[in-house]
Amino acid sequence: MIEHDVVIVGGGLAGSRAAVEIARMNPLLKVAVVAKTHPIRSHSVAAQGGMAATLKNVDSEDSWEAHAFDTVKGSDYLADQDAVEILTREAPDVVIDLEHMGVLFSRLPDGRIAQRAFGGHAYRRTCYAADKTGHAILHELVNNLRRYGVTIYDEWYVMRLILEDGQAKGIVMYHIRDGRIEVVRAKAVMFATGGYGRVYNTTSNDYASTGDGLAMTAAVGLPLEDMEFVQFHPTGLYPVGVLISEAVRGEGAYLINSEGERFMQRYAPSRMELAPRDITSRAIVQEIRAGRGIHPDGRAGGPLVHLDVRHLGREKIMSRIPFCWEEAHRLAGIDAVHQPIPVRPTVHYSMGGIPTNTDGQVRSSPEGLVEGFFAAGETACVSVHGANRLGSNSLLECVVYGRRVGAAIARYVENRKLPDVDEQRYRREAEERIQSLLDQAGPYRIAQIRQAYQDCMTEHCGVFRSERVMQEGLEKLRTIRQQAQQIFLDDKGKLWNSELTEALELQSLLIVGEMILYSALSRKESRGAHSREDYPDRDDVNFLKHTLAYYSPAGIELRDMPVTITQFQPQERKY
Ligand SMILES: Cc1cc2nc3c(=O)[nH]c(=O)nc-3n(C[C@H](O)[C@H](O)[C@H](O)COP(=O)(O)OP(=O)(O)OC[C@H]3O[C@@H](n4cnc5c(N)ncnc54)[C@H](O)[C@@H]3O)c2cc1C
């Protein structure tokens, strides 16, 4: 059996930052990072626009309190304000620390770190490396993993969390390269497994964002928090859905409908294109529904709107947002210097996730904590984003809470012994699970079921929701779940069996989607990204609370958890 003091699942910003912190605090600890991709191919590498922190390099009147207020208002007052305070207070320090590690941020003419505007932020506070910020940060963090001697298991698929008697004891992992199964025991397990964009058919997320960490947590009977809050980013490139960063609007781009109008003036007159994402995505969908969308050939009444940067001029486009220009050119044949970019909302981010306290320790209930189990980053819900995340607050969350949770883990494992784990049992059960997937016989292929499932989630739990549409979605999901047990795999081998990995990922997607639908049905109000046509108003009397959803194959149970409110009392949310 493999043994480590700490095993971290996920090599993105959150997992890597935590590993670096543990190694810094106690170089004697044996720390491992496991990832189903290479760590540098984690979705964090694709982050473009930047990371918020009140360095005050551009707007000197900015403050952490202003950043906290914007975050809480953006969250539609569902964020836990103690967690937001930590996020915004520690932000400047983590940015400087990253810089000292070697991250090359873009600069002002006087040499200080540059900062740009972002949706929902009242000041220019987003630090960036052109429009390749995630790339710049993740590469340095992974370099540092090597420097600190962290063991990296890349292309290992983690398929189970070992949880016994309320204590996490390790994981079971499967080597994608040769089919080997290993049981790992550890004094602490951390999940930093990222988001679940692949639950939907149009997403900015990578292929690996299948919510495995969420599904493994739910499968052992632990709750998931606020799963109804799915972020749609307003500007996915039409039709593929890849992201055109909010930095493009931060630099001054316009959103235009078929009448040539900057329609955001009707939805958020004071912030226009820089309103928060939930409001902007709804505005685009409403324009399209009202017949003011645009067809790919330019006619009115189509499924997209235009993102126009032509007035910025070639020089600004090529220096500040070169990657977005290149994406539009490569994937849609658009030269954004001369043509508007066709966009529509795309699934982008998971506000909900594995509930944790502000040290990243996972909650078993509103009152209880799980021994030895920690989470951070997009897979966790601490909750700093509440019902709607502001752009450039997620990279920040990964780094602030990655560091903080790493420190908490280093303290936690001190003077603890490795737990006892029945290696043979866990190995046998994993082998049986894989064999039963290989033995499965039936008429369906993975791609077919996955497509039907993603279409179902997109149609029945999208930007706008209602009881009837979601109930129909749940019915369809039941059928799809049965069909998923009649999939056959062509590849029965052990070497690079990507079909098998996809079959395991499909099982994760199915659990996560059901949790989203159930939680969304139970929240009979509109708040942040959760917009119900049958309950169009926010209802603080009945729903100013977090949802905890407990999964079992027989059904999902829901509980509530209070929201922590410290500085900012809920107000009407207008921009
Ligand atoms: C295109 C795009 C642009 C973005 N731009 C910004 C931005 O400018 N600013 C901002 O703040 N946020 C941005 N975001 C959001 C932000 O990038 C993510 O929320 C954040 O990077 C998530 O980091 P993470 O460490 O939690 O997870 P990820 O970076 O997604 O990493 C997840 C890790 O878990 C591993 N993993 C998952 N499942 C398993 C398994 N079963 N077994 C083993 N390993 C597993 C993966 O291999 C990977 O290493 C953007 C997101 C996207 C998609």
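These notes cover the structure that comes with them. From a predicted model like this one, the values you see are computed outputs, not experimental measurements. (Residues numbered from 1 in each chain as written. Predicted model: local features only at pLDDT ≥ 70, side-chain atom pairs only at ≥ 80, totals over all residues. Heavy atoms only, no water.)

1. Structural notes on the overall build of the protein chain
Assigned secondary structure in the protein chain consists of 15 helices and 22 strands. The C-alpha atoms of the protein chain give 23 Å as radius of gyration, which agrees with the globular expectation for 575 residues (25 Å, within 12%). Along the first, second and third principal axes, the C-alpha atoms of the protein chain reach 65 × 55 × 50 Å. Relative to its full complement of 575 residues, the protein chain shows a buried share of 63%. When contacts within the protein chain are restricted to residue pairs at least 6 apart in sequence, those whose partners lie at least 24 apart make up 74%. Carbon and sulfur atoms form 48% of the exposed surface of the protein chain, whose accessible area is close to 20900 Å². For the protein chain, the separation between the mean place of its 67 positive charges and that of its 76 negative charges on side chains is 2 Å. (Helix = DSSP H or I, 4+ residues; strand = E, 2+ residues; numbered from the N terminus. Rg over C-alpha atoms; globule rule 2.2 N^0.38 Å. Buried < 20%, exposed > 50% of the residue type's maximum accessible area, 1.4 Å probe, protein only. Contact = heavy atoms within 4.5 Å. Areas by Shrake-Rupley, 256 points an atom, 1.4 Å probe, with all protein chains shown as cover. Lys, Arg positive; Asp, Glu negative; His and termini not counted. Charge placed at Lys NZ, Arg CZ, Asp CG, Glu CD.)

2. Overview of the sheet that holds strand E4 (residues 115–116)
In space, the three strands of this open sheet follow the order E3-E5-E4, with antiparallel pairing throughout. Strands with a single pairing partner mark the edges of an open sheet, and in this sheet they are strand E3 (51–52) and E4. For E4 and strand E5 (residues 126–127), the ladder comprises two bridges, and the chain directions are antiparallel. Within E5, the residue paired with arginine 116 across the bridge is threonine 126. (Pairing = 2+ DSSP bridges.)

3. Things to note about the site of the ligand
Neighbouring the ligand are 38 residues; Ser42, His43, Ser44, Glu378 and Ser394 lie closest to it. Interatomic distance of 2.9 Å between a side-chain N/O atom of aspartate 212 and a nitrogen atom of the ligand. Expressed as a share of its isolated accessible area of 1000 Å², the protein-covered part of the ligand is 98%. Contributing elements (two or more residues each) for the shell around the ligand: helix H1 (13–25), strand E2 (31–35), strand E7 (156–164), strand E14 (341–350) and helix H10 (394–413). (Near = heavy atom within 4 Å. Polar contact = N/O pair within 3.5 Å; in protein donor to acceptor, adjacent residues only side chain to side chain.)

4. Remarks on empty space enclosed by the protein
To find leftover empty space, a probe the size of one water molecule is rolled over the atoms. Taken as a whole, this structure holds four cavities of 30 Å³ or more when the rule is applied. Taken together, Val230, Gln231, Phe232, Asp278, Ser281, Arg282, Asn388, Val463 and Ala529 form the lining of the largest cavity. Counting residues per element, the ones that place at least two in the lining of the largest cavity are strand E11 (230–237) and helix H7 (277–289). Of the residues assigned to the lining of the largest cavity, the class counts are four nonpolar, three polar and two charged. (1 Å grid on protein atoms, 1.4 Å probe; cavity = no way out; pocket = protein on both sides within 12 Å on 5 of 7 lines; lining within 4 Å. Points joined across faces, edges and corners; volume = space filled by probe spheres on them. Nonpolar A, V, L, I, M, F, W, Y, C, P; charged D, E, K, R; others polar.)

5. Here we look at the state of the cysteines
For the coordinates displayed, the defined rule picks out zero disulfides. Not part of a disulfide, cysteine 127 finds its nearest cysteine sulfur in cysteine 398, a span of 15 Å. By relative accessible area, cysteine 127 is classed as buried at 0%. Cysteine 381 supplies the cysteine sulfur nearest to cysteine 398, a cysteine that is in no disulfide, at a spacing of 13 Å. (Disulfide = S-S within 2.5 Å.)

6. Describing the layout of surface pockets
What the second largest pocket holds in volume is close to 820 Å³. Around the second largest pocket, the lining is made up of 33 residues, and of these Ala219, Arg433, Gln507, Ile511 and Tyr551 lie nearest the centre. Listed by contribution, the elements that provide at least two residues to the lining of the second largest pocket are E7, helix H5 (212–219), helix H11 (423–439), helix H13 (467–484), helix H14 (498–522) and strand E21 (545–552). Examining the composition of the lining of the second largest pocket, we find that seven residues originate from one element, H14, more than from any other.

7. Some remarks on the environment of leucine 78
Mapping leucine 78 onto the fold places it in the loop between helix H2 (64–74) and helix H3 (81–101). With 46 residues separating them along the chain, leucine 78 and alanine 32 place their C-alpha atoms 34 Å apart. Discounting residues that sit within four places of it in the chain, leucine 78 has contacts with Asp226, Phe229, Ser383, Gly386, Ala387, Arg523, Arg527, Lys545, His546 and Val563.

8. Let's talk about H2
Most of H2 is tucked away, with nine of its eleven residues classed as buried. Of the positions making up H2, those classed as buried are Trp64, Ala66, His67, Ala68, Asp70, Thr71, Val72, Lys73 and Gly74. Those residues of H2 that are buried lie in contact with E3, H3 and H10. Phi turns positive one or two residues past the end of H2, at aspartate 76, with a value near 55°.

9. Topic: the pattern of salt bridges
Taken as a whole and assessed by the stated rule, the structure comprises 62 salt bridges. With its nearest N and O atoms 3.0 Å apart, the salt bridge here joins aspartate 540 to arginine 538. By relative accessible area, aspartate 540 is classed as partly exposed at 28%. Each of Asp76, Asp226, Glu228, Asp278, Arg282, Arg523, Glu525, Arg527, Arg538, Asp540 and Arg573 takes part in a single network of salt bridges with overlapping partners. (Salt bridge = Lys/Arg side-chain N within 4 Å of Asp/Glu carboxyl O.)

10. A word on the pairing of E14
Burial runs high along E14: nine of the ten residues are buried. Of the strand pairs in this sheet, strand E13 (residues 305–308) and E14 are connected by three bridges, and their pairing is antiparallel. Considered in E14, the bridge of valine 305 is made with valine 343.

11. Topic: the nonpolar core
Grouped together as the largest cluster of nonpolar side chains are 81 residues, with contacts concentrated most on Ile171, Phe191 and Ile516. Ranked by residue count, the leading element in this core is H14, at 13 residues. Not counting chain neighbours up to four residues away, the residues in contact with isoleucine 516 comprise Tyr196, Val199, Tyr200, Met227, Glu228, Val230, Met457 and Cys461. Of all hydrophobic cores here, the second largest spans 62 residues; its members include Leu13, Ala47, Leu98 and Ala136. (Core = buried A, V, L, I, M, F, W, Y, C linked by side-chain atoms within 4.5 Å.)

12. So, the packing of H11 against H14
Remark: H11 packs on H14, axes separated minimally by 11 Å, with the N-to-C direction vectors making an angle of 105°. Between H11 and H14, the crossing angle belongs to the class labelled roughly perpendicular. Across from Arg433, Ile434, Leu437 and Leu438 in H11, the residues of H14 making contact are Leu500, Ala503, Leu504 and Gln507. Partitioning the contact of H11 with H14 into residue classes produces six nonpolar, one polar and one charged. (Axes fitted to C-alpha atoms, helices over the stretch in contact; angles between N-to-C directions. Parallel < 35°, antiparallel > 145°, perpendicular 65-115°, else oblique.)

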